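Coordinates in review
Listed here are the chains, written in short residue letters.
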Amino acid sequence: MADTVRYMMEEMIPELEDMVKQQYFSKQEVKQIVKRRQDFEYLLKRRAALKEDFLRYIEYESKLEELRQHRRKGLDTRGKKKSIADYAIVRRIHFIFERAVRRFRSDVALWTAWLEFCRASSSNRRLGRVVGRALQVHPTEPGLWLYAAAWEFEHNGNPAAARALMQQGLRMCRYSEKMWLDYFDMVRLCHARFCCWLLA
């Protein structure tokens with residue numbers, strides 16, 4: 001366990017050094033970050049790691065990313081390319097979610113939280129992969145089908161893909177009243193948009 005945690009901490013060195021270089025965090029703050037991350041990693045390596053351990057780690061990293069973004073706004077970054085420090089924390093949060101759903105596969109709320117983080121962090125390609133995996137694990141969960149269809153319809157502007165997902169979801173969740181109602185709403189909205197396009 002100790003060797004694994006030590007290796008993971010060593011893997012963080014480049015991103016932490018870059019955070020100091022980019023003036024997002026001081027050396028003293030980085031030491032505190034290392035200490036907190038190490039404590040969390042030991043918790044996750046326990047045989048009986050709890051879901052709450054993962055969620056607390058994610059919450060800590062999310063607040064850290066908020067602070068980094070806030071400090072970045074106060075710096076003159078014009079003409080400056082983004083570096084490892086600009087995406088490392090988001091990547092780490094995804095990594096924590098990955099480990100969490102591996103351990104708690106049956107927890108729909110955990111999958112949904114990851115999808116919400118993908119959306120909030122504009123991790124669009126990853127969202128597509130995560131929702132696909134979530135549906136493989138929970139094919140009879142209406143909320144996940146609705147989430148996937150809404151994403152295709154509203155974000156990707158792809159009503160055909162959204163309708164195909166809804167139809168597939170209806171085959172898996174044929175007794176879900178909400179799915180049927182949302183499906184008819186979506187069809188009605190598609191029809192209205194098509195009529196507007198014809199009249200434009």
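Residues numbered from 1 in each chain as written. Predicted model: local features only at pLDDT ≥ 70, side-chain atom pairs only at ≥ 80, totals over all residues. Heavy atoms only, no water.

1. Concerning the overall build of the protein chain
Each helix and strand counted, the protein chain has 10 helices and 0 strands in total. Going residue by residue from the N terminus, the α and β elements of the protein chain occur as α-α-α-α-α-α-α-α-α-α. A globule of 200 residues ought to have a C-alpha radius of gyration of about 16 Å, yet the protein chain, at 21 Å, is considerably larger. The dimensions of the protein chain, computed from C-alpha atoms along their principal axes, are 60 × 45 × 20 Å. Pairs at least 24 apart in sequence give 60% of the contacts found in the protein chain among residues at least 6 apart. (Helix = DSSP H or I, 4+ residues; strand = E, 2+ residues; numbered from the N terminus. Rg over C-alpha atoms; globule rule 2.2 N^0.38 Å. Contact = heavy atoms within 4.5 Å.)

2. A closer look at the side chain of His94
Residue position: His94 is located in helix H5 (residues 88–103). Residue His94 is classed as buried on the basis of its relative accessible area, which comes to 3%. In this view, His94 contacts Trp114, Phe117, Cys118, Ser121, Ser123 and Arg126; residues no more than four positions away in its chain are not counted. (Buried < 20%, exposed > 50% of the residue type's maximum accessible area, 1.4 Å probe, protein only.)

3. A short note on the layout of surface pockets
Its volume calculated, the largest pocket comes out at about 410 Å³. Looking at the largest pocket, it is lined by 16 residues, and the ones nearest its centre are Glu65, Arg68, Gln69, Asp86 and Val90. Contributing elements (two or more residues each) for the lining of the largest pocket: helix H4 (51–73), H5 and helix H6 (108–120). When residues of the lining of the largest pocket are assigned to their parent elements, the largest contribution, 7 residues, is made by H4. (1 Å grid on protein atoms, 1.4 Å probe; cavity = no way out; pocket = protein on both sides within 12 Å on 5 of 7 lines; lining within 4 Å. Points joined across faces, edges and corners; volume = space filled by probe spheres on them.)

Spatial relationships are all this shows, so hold off on functional conclusions.
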